[in-house]
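# Geometric and topological summary
Each chain, letter by letter, is given below.
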Amino acid sequence: MATTPAPPTAPPKPTWDPQPEPPFPWLRPTIRIRLTLLYGGMFLIAGILLLSIIYLLAAQALNVGSELPFKIVSGQVGSSTCNLPSRSSSDEINKALYDCVNQQRQHALDDLLSRSLLALLGLAIIAFAFGFAMAGRVLSPLGHITRTARAVAGSDLSRRIKLDGPDDELKELADTFDDMLERLQRAFTAQQRFVGNASHELRTPLAINRTLLEVHLSGPGVPTEMQQLGKTLLATNERSEQLVEGLLLLARSDNQIVERKPVDLAEVASQAIDQVHAEAEAKGVKIRGQRAPVVVQGNGVLLERIALNLVQNAVRYNLPKDGWVEVTTEVQHGRAVLEVSNTGPMVPAYEVDNLFEPFRRLRTERTGSDKGVGLGLSIARSVARAHGGHIVAQPRDGGGLVMRVTLPI
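Residues numbered from 1 in each chain as written. Predicted model: local features only at pLDDT ≥ 70, side-chain atom pairs only at ≥ 80, totals over all residues. Heavy atoms only, no water.

A few words now on the packing of helix α5 (residues 265-283) against helix α6 (residues 300-316). Where α5 meets α6, the axes come as close as 8 Å, and the angle between the chain directions of the two elements is 20°. As summarised for this structure, α5 and α6 are arranged roughly parallel, according to the angle between their axes. In the packing of α5 onto α6, the handedness of the crossing is right-handed. Side by side, α5 and α6 meet where V268, A269, Q271, A272, Q275, V276, E279, A280 and K283 of the first sit next to L303, E304, A307, L308, V311, Q312, V315 and R316 of the second. (Axes fitted to C-alpha atoms, helices over the stretch in contact; angles between N-to-C directions. Helix = DSSP H or I, 4+ residues; strand = E, 2+ residues; numbered from the N terminus. Parallel < 35°, antiparallel > 145°, perpendicular 65-115°, else oblique. Left-handed = near helix turned anticlockwise from the far one by under 90°. Contact = heavy atoms within 4.5 Å.)

Let us now look at the sheet that holds strand β6 (residues 390-395). One open sheet holds the 5 strands; their spatial order is β2-β4-β5-β7-β6, and the pairing between them is mixed. Single-partner strands in this sheet number two, and they are β2 (285-288) and β6. Ignoring strand direction, the axes of neighbouring strands in this sheet form an average angle of 15°. Strand direction decides the pairing type here: strand β5 (residues 335-342) and strand β7 (residues 401-408), joined by 7 bridges, are antiparallel. When the bridges of β7 are listed, E339 appears paired with R404. Strand contacts of α6: β2, β4 (323-332), β5, β6 and β7, with the helix running at about 20° to β5, the strand carrying the most contacts. (Pairing = 2+ DSSP bridges.)

Our focus in this paragraph is the nonpolar core. Counting 40 residues, the largest nonpolar core has V296, I306, L310, V327, L338 and V405 as the members making the most contacts within it. Going through the elements one at a time, α5, α6, β4, β5, α7 (376-386), β6 and β7 are the ones with two or more residues in this core. The element that contributes the greatest number of residues to this core is α6, accounting for 9 residues. With near-sequence residues (within four places) excluded, I306 lies in contact with L338, A380, V383, A384 and V405. Membership of the second largest hydrophobic core comes to 8 residues, among which are I145, V152, L157 and A174. (Core = buried A, V, L, I, M, F, W, Y, C linked by side-chain atoms within 4.5 Å. Buried < 20%, exposed > 50% of the residue type's maximum accessible area, 1.4 Å probe, protein only.)

Now for α7. Of all 11 residues in α7, 8 are buried, a share of seventy percent or more. Buried within α7 are the following residues: L377, S378, I379, A380, S382, V383, A384 and A386. Following α7 by one or two positions, G388 adopts a phi angle in the positive range, close to 80°.

Okay, the pairing of β7 next. Across the 8 residues of β7, 7 count as buried, placing the element largely inside the fold. The pairing of β6 with β7 spans 6 bridges and is classified as antiparallel. If you follow V392 over to β7, its bridge partner there is R404. Between β6 and β7, which pair antiparallel in sequence order, lie 5 residues; one of them, G398, sits at a positive phi of approximately 95°.

Attention now goes to the packing of aromatic side chains. Scanning the model with the defined rule gives 0 aromatic pairs in all. Stacked on the ring of W324, the Lys or Arg R288 has its end atom at 4.0 Å from the ring centre. (Phe/Tyr/Trp six-rings, centres within 6.5 Å; stacked < 30°, edge-to-face > 60°. Lys NZ or Arg CZ within 6 Å of the ring centre and 35° of its normal.)

In this section: the pattern of salt bridges. Counted according to the given criterion, the structure contains 6 salt bridges. Linking R115 and D111 is a salt bridge whose minimum nitrogen-to-oxygen distance equals 2.9 Å. Residue R115 and its partner D111 are both found in helix α2 (residues 90-153); the two are separated by 4 residues, about one turn of the helix. The exposure class of R115 is exposed, given its relative accessible area of 58%. Residue D111 is classed as partly exposed on the basis of its relative accessible area of 31%. We note a salt bridge from R160 to E182, for which the minimum N-O separation is 2.8 Å. With R160 in the loop between α2 and α3 (169-218) and E182 in helix α3, this residue pair connects regions lying 22 residues apart in the sequence. Residue classification places R160 among the buried residues on the basis of a relative accessible area of 17%. (Salt bridge = Lys/Arg side-chain N within 4 Å of Asp/Glu carboxyl O.)

So, on to the confidence of the model for the chain. In this model, the chain carries a mean pLDDT of 77, and residues with pLDDT of at least 70 account for 76%. Counting contacts from residues 364-370, a segment whose pLDDT is below 50, to residues more than four positions away or on other chains yields 13 contacts. (pLDDT = per-residue confidence, 0-100.)

A separate point is unusual backbone geometry. If you check the backbone angles, D322 has positive phi at about 55° while not being a glycine. Residue class for D322 comes out exposed when judged on its relative accessible area of 66%. For H333, which is not glycine, the phi torsion reads 55° and is therefore positive. Following the sequence through the fold, H333 ends up in the loop between β4 and β5.

A separate point is helix α1 (residues 31-62). Helix length check: α1, at 32 residues, gives a terminal C-alpha distance of 46 Å against a target of 46 Å (1.5 Å per residue), a fit within 8%. Among the residues of α1, those classed as buried are T36, G40, G47, L51 and A58. Of the residues one or two after α1, N63 is the one with positive phi, at around 55°. (Expected span 1.5 Å × (residues − 1).)

What follows is the structure, given as structure tokens:
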């Protein structure tokens with residue numbers, strides 16, 4: 001990022017906000033809805049097949065269209081249902097009886113079909129409701145597993161599912177998840193111990209080296225060559241201390257924040273600007289922007305680290321002259337937003353994601369600059385995730401970047 005990169009040779013990929021939430025989240029096809037549709041659909045298909053078979057059997061039994069089992073030879077026949085001729089020949093009377101009987105058979109079949117369809121519709125509604133209830137009962141262990149997983153996502157690794165019931169696939173899944181949580185808890189506990197030990201073992205020698213160098217350089221009669229060497233060693237030692245502090249902070253911030261307090265993002269951003277103000281003036285960079293009060297729940301020290309890292313990067317990676325940095329805080333769509341934009345060199349969109357990797361810079365893979373140790377954006381992303389938020393970057397038209405941190409309120 002220290003030099004102007006070459007023009008992009010690959011199509012940029014979007015690095016702004018993540019995928020938006022669906023407009024109707026309650027319409028998403030959950031497993032319970034799909035199981036309900038499956039149960040109800042199978043019942044409906046079975047009912048249609050059964051109704052078709054019953055209809056065909058009834059039609060065959062009534063024998064619609066067949067000859068009458070009797071004939072009128074002589075005499076008169078009366079009927080309150082059929083319209084029979086009063087004075088006609090036997091053939092005419094038999095034909096009228098044939099038409100009337102077939103009409104009554106067809107009417108009986110139609111009535112059977114209509115009543116069966118109504119009964120099938122009612123039973124289908126009952127089947128879908130019953131399937132929905134049964135799907136909820138079958139999936140209730142999965143709901144318990146999901147709630148436990150969410151609790152674990154909030155850094156409560158001591159939670160266990162301990163699912164009761166028969167030794168089926170769901171219980172096997174829950175037991176496997178409990179075993180995984182046990183291993184994760186041991187791993188995080190070991191990590192916390194390592195961070196504590198490393199904090200002491202790494203800081204102490206560096207602090208001793210710095211003290212010895214400062215004492216030696218402050219003595220009388222130190223040659224100029226030794227003073228120059230001592231200053232170089234002090235700068236190297238300071239860089240090592242920054243690297244150790246950054247690594248330890250990165251390790252600590254990877255976990256969720258358990259103890260949260262109200263923190264005003266505008267105040268955090270103002271404190272970060274105050275710390276970088278002298279460096280900005282020395283580089284001729286103007287800091288501006290409106291910062292509205294936005295209160296979030298989190299750790300004030302870590303949130304200040306986010307703002308400080310972003311503002312420092314915006315000041316250091318800027319134009320040689322007439323550069324500016326804009327820092328704003330606001331509420332958007334019910335979430336707190338801290339935005340830091342700056343002037344600077346052109347940044348290809350497809351290389352922005354690399355800036356969030358530890359020890360990575362634009363066009364380089366390892367640190368080789370005096371502007372930092374290459375952990376600022378990695379720490380900012382880790383802290384944002386620990387607070388349940390995220391940070392994204394977008395190349396700014398004309399050069400520079402726009403960094404946006406979104407946190408829940």
